[in-house]
Amino acid sequence: MLPLALLPLALLPCAAAAGGAVTVPSGQVVTLDEVRLEAAPGQPGQTWARFRFLAPQIARDSGSVTHEAAASDMDHLCGALALPYLAERGMAAARVVISLSDRAVPFGVQDPAATQFFEAYRPEGPACIWEAF
């Protein structure tokens, strides 16, 4: 059984973009895989919103998007997609986590062959403030 902090409070379908596909600043097209709301690890009463995207172009062997370019993409996704998504639904989150993966990986499962990038942000009004893990 998973620890309580890992159990999602809600698993929401996301219609943030038609078909879930979004073009980001690097030029790659990412696809929204899922949105998860969950209890914040070690912070009772706080919620984290996780926006998980498929981004095949970050693949270490065949991709063309570097971590640096993907970091700008994640900044963009937080401000342009995640914050409006939460606001439209009247939701608040202590942190927004944006993740990119070159392939579908079930949440919480390790896949050494997958390339995955994560960034965490603190929502502050209309801005996403980057938070180091």
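Use the structure listed above.
Note that the structure is predicted; figures quoted are calculated from it, not measured. (Residues numbered from 1 in each chain as written. Predicted model: local features only at pLDDT ≥ 70, side-chain atom pairs only at ≥ 80, totals over all residues. Heavy atoms only, no water.)

### Looking at the overall build of the protein
Consideration 1: Assigned secondary structure in the protein consists of 1 helix and 7 strands.
Consideration 2: Looking at the 133 residues of the protein, the share that counts as buried comes to 40%.
Consideration 3: The contacts in the protein between residues at least 6 apart in sequence include a share of 59% that link residues at least 24 apart.
Consideration 4: By element, 58% of the accessible surface of the protein is carried by carbon and sulfur atoms, the whole surface being about 7200 Å². (Helix = DSSP H or I, 4+ residues; strand = E, 2+ residues; numbered from the N terminus. Buried < 20%, exposed > 50% of the residue type's maximum accessible area, 1.4 Å probe, protein only. Contact = heavy atoms within 4.5 Å. Areas by Shrake-Rupley, 256 points an atom, 1.4 Å probe, with all protein chains shown as cover.)

### Overview of the environment of Val35
Consideration 1: Here Val35 is to be found in strand E3 (residues 29-39).
Consideration 2: Taking the C-alpha atoms as reference points, Val35 and Phe53, 18 residues apart in sequence, are found 9.1 Å from one another.

### Details of the pattern of salt bridges
Consideration 1: Per the stated rule, a full pass over the model turns up 8 salt bridges.
Consideration 2: Glu131 is the partner of Arg95 in a salt bridge, and the nearest nitrogen-oxygen pair spans 3.4 Å. A residue pair is termed long-range when its members are at least 10 positions apart, and Arg95 in strand E5 (residues 95-101) and Glu131 in strand E7 (residues 127-131) qualify at 36 residues. Neither Arg95 nor Glu131 differs from the other in exposure class; each is buried.
Consideration 3: Measuring nitrogen to oxygen at the nearest pair gives 2.2 Å for the salt bridge that ties Arg122 to Glu131. (Salt bridge = Lys/Arg side-chain N within 4 Å of Asp/Glu carboxyl O.)

### Quick notes on the nonpolar core
Consideration 1: In this structure, Phe51, Phe53, Ile98 and Leu100 are the most contacted members of the largest nonpolar core, which totals 28 residues.
Consideration 2: Those elements that place two or more of their residues in this core are E3, strand E4 (47-54), helix H1 (67-88), E5 and strand E6 (116-124).
Consideration 3: The greatest single-element share of this core, amounting to 9 residues, is contributed by H1.
Consideration 4: Ala40, Trp48, Ala94 and Ala120 belong to the second-largest nonpolar core, a separate cluster that totals 5 residues. (Core = buried A, V, L, I, M, F, W, Y, C linked by side-chain atoms within 4.5 Å.)

### Digging into the packing of aromatic side chains
Consideration 1: Evaluated as defined, the whole model comprises 1 aromatic pair.
Consideration 2: Where Phe51 meets Tyr85, the ring centres are 5.4 Å apart and the plane angle is 90°; that geometry is what we call edge-to-face. Of this pair, Phe51 sits in strand E4 while Tyr85 sits in helix H1; the two residues are 34 residues apart in sequence, bridging distant segments of the chain.
Consideration 3: Residue classification places Tyr85 among the buried positions, given a relative accessible area of 2%.
Consideration 4: Positioned above the aromatic ring of Phe107 is the side chain of Arg36, whose terminal nitrogen or guanidinium carbon lies 4.2 Å from the ring centre.
Consideration 5: A cation over a ring is seen here: Arg89 above Tyr85, with NZ or CZ 3.6 Å from the ring centre. (Phe/Tyr/Trp six-rings, centres within 6.5 Å; stacked < 30°, edge-to-face > 60°. Lys NZ or Arg CZ within 6 Å of the ring centre and 35° of its normal.)

### Describing the side chain of Ser101
Consideration 1: Position of Ser101 among the secondary structure elements: in strand E5.
Consideration 2: Every residue in contact with Ser101, bar those within four places of it in the chain, is listed here: Phe53, Leu54, Ala55, Pro56, Ile58, Ala114, Thr115 and Gln116.

### Examining the state of the cysteines
Consideration 1: Inspection of the entire model under this criterion finds 1 disulfide.
Consideration 2: In this model Cys78 forms its disulfide with Cys128; the gap between the sulfur atoms is 2.0 Å. Because the torsion about its S-S bond is -85°, the bridge between Cys78 and Cys128 counts as left-handed. Of this pair, Cys78 sits in helix H1 while Cys128 sits in strand E7, placing them 50 residues apart in sequence. Across the pair, Cys128 and Cys78 agree in class, each one buried. (Disulfide = S-S within 2.5 Å.)

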